[in-house]
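Structure at a glance
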Amino acid sequence: MQKLLINGKQVLGGSISISGAKNAAVAILPAAILAGEKVAISNMPSITDTNLLLEILKALGAKVQKEGKNIVKIVPAGVNSTSPPFEMVKKMRASYYFMGSLVARFGRAEIPLPGGCNLGPRPIDQHLKGFSALGAEINQEHGTVTVKGKKLKGAHIYLDVVSVGATINIMLAATTAEGRTIIENAAKEPEIVDTANFLNALGAKIRGAGTDVIKIDGVKELGGAEHCIIPDRIEAGTFMFAAAATRGELTICDIIPKHLDPVIAKLREIGIQVDVGEESLHVCGQDSLSPVDIKTFPYPGFPTDLQPLAMVLLSTIPGTSLIKENVFDGRFKHVDELKRMGAKIKVEGRTAVIEGVEGFTGAPVKATDLRAGAALLVAGLIAEGETRLSGVEHIRRGYENIEKKFAQAGVELKCVER
Ligand code: UD1
């Protein structure tokens, strides 16, 4: 069991480079099953979630070759199974994308119900509703979902909730369906656009990704392609909040600043100076900051994934701030841990009321999910004394080499095996 030892009162400085987007990579790897020939994917983040997906691809029969740290070549021709191994799949939620890609390619997928971050109840009813609209038969038994449909047919699907996962999964299944599929009330996240761009590079006909109406004209088969994954806006946002919370100054490079508009706007409202370049931005923490209200929403709203990090920054600002979590029920599991470090936060339903405090004190704390872990790490940096952060495996699911990245930003994290 790894733990991170974090000495408090550390300030971020210097410049860091952002890795490829986890949430695009975890969709694009299962999507690679649809390729007729070799695919080469660059800017692949080297994190446990993508490594696990590569292992699943291998277990299904694909040829997988890593070149350096961030290039992956996949030849899916040898895939001969429609049931990814339970022991692997249960570890991550995004393994549900194999439902869409396997049913599109083989007319069948058997996927154990997904694991991943524990953010309260996370149903997949909209994914299944989409598959059945395309003509698939769905069975759920013994914790496994079986999706069967040899000849999927394009359909008009209106999502009841804006869901990133359902939008991508339906897009995958519809890529080779007969005729046109229209997804309305689709999610608009940049990772959906990146996945659509990857599929289009393979020969798919997907239009409108990034808007709330996506049209997919089914094609008979797909070829190969090279694709470069977009930068991770959530990793970039994590470092923006870390710099602001420690009152540091950081240049964040290799990003698409537009993807961070809601974060930049909120940090500026708080009083943090953010200067935007073409592919970078500079965050400069200030001493006199104002409390704010934040409401999380699907893109282009304020991302729910950065809500725990925003909470740490708001805890350092005198006055009362509010966070309303609109995307996930029960995404406040980090609050109790932050309180153990001295935060004053009250949760009422989906709203957290945050009173700014003089400072945090280091404590043994536990990450319960990926972004909660990142938030506790940043809380440790601003605290007085040492924080021992357990549950590091959650952080490694989505952040590439955190010790090295934070070291580049002038901050020391020590990993111990106990
Ligand atoms: C994705 C991201 C996650 C991010 C989230 C919201 C990946 C791998 N993960 O998760 O980092 O926090 O988007 O931006 O990309 N819902 C249903 N029925 C469904 C599907 C979803 O009710 O069939 C609900 C969920 O419970 C949630 C909301 O819709 O309340 C949004 O979830 P969704 O966008 O699907 O999140 P994920 O794709 O799981």
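Residues numbered from 1 in each chain as written. Predicted model: local features only at pLDDT ≥ 70, side-chain atom pairs only at ≥ 80, totals over all residues. Heavy atoms only, no water.

**Re the site of the ligand**
The criterion, for reference: Summary of the distance rule: residues count as near a molecule or strand when at least one heavy atom falls within 4 Å of that molecule or strand. The definition of a polar contact used here is a pair of N or O atoms within 3.5 Å, where within protein one atom must be able to donate a hydrogen and the other to accept one, and adjacent residues in sequence count solely through side-chain atom pairs. To be clear on the numbers: accessible area is Shrake-Rupley with a 1.4 Å probe, and residue cover counts the displayed protein chains and nothing else. With a 1 Å grid laid over protein atoms only, a set of points is called a cavity when a 1.4 Å probe fits there but cannot get out and a pocket when it is open yet has protein on both sides within 12 Å along at least five of seven lines; lining residues have an atom within 4 Å of a point. Whether a molecule sits in a cavity or pocket is decided by its atoms, more than half of which must lie within 2 Å of the grid points. Strands here mean DSSP runs of E at least two residues long; helices mean DSSP runs of H or I at least four residues long; both are numbered from the N terminus. Asp, Glu, Lys and Arg are counted as charged, while Ala, Val, Leu, Ile, Met, Phe, Trp, Tyr, Cys and Pro are counted as nonpolar; the rest, among them Gly, fall into the polar class.
Around the ligand sit 22 residues in total, of which D125, Q126, S163, D305 and V327 are the nearest. Interatomic distance of 2.5 Å between a side-chain N/O atom of D305 and an oxygen atom of the ligand. Take V327: an N or O atom from its main chain is 2.5 Å from an oxygen atom of the ligand. For the ligand, the protein covers 87% of the area, taking 730 Å² as the surface of the free molecule. When each cavity is represented as a set of grid points, the ligand is found to reside in the largest pocket. Of all elements in the fold, only helix 1 (22-31), helix 5 (125-133) and helix 6 (164-174) reach the threshold of two or more residues within the shell around the ligand. Here the element with the most residues in the shell around the ligand is helix 5; it accounts for three residues. When the residues that make up the shell around the ligand are grouped by side-chain class, the tally is ten nonpolar, six polar and six charged.

**Notes on the layout of surface pockets**
Put simply, the test is: Grid points are joined across faces, edges and corners, and a volume is the space filled by probe spheres set on the points. An automatic or database domain assignment provides the domain bounds reported here.
Here the largest pocket defines a volume of roughly 1100 Å³. Along its surface, the largest pocket is lined by 46 residues, and R122, V164, G165, V327 and F328 are the ones closest to its centre. Where the lining of the largest pocket is concerned, the elements lending two or more residues are helix 1, helix 5, helix 6, helix 8 (233-245) and helix 12 (370-382). Sorting elements by how many residues they give to the lining of the largest pocket places helix 6 first, with four residues. In the lining of the largest pocket, the residues fall into 24 nonpolar, eight polar and 14 charged. Both domains that furnish three or more residues to the lining of the largest pocket are identified here as domain 1 (2-19 + 231-417) and domain 2 (22-228). As a volume, the second largest pocket reaches approximately 310 Å³. Lining of the second largest pocket is provided by 14 residues; of these, K150, K151, L152, T176 and A177 occupy positions nearest its centre. Of all the elements, helix 4 (residues 97-106) adds the most residues to the lining of the second largest pocket, at four residues. Counted by class, the lining of the second largest pocket contains seven nonpolar, two polar and five charged residues.

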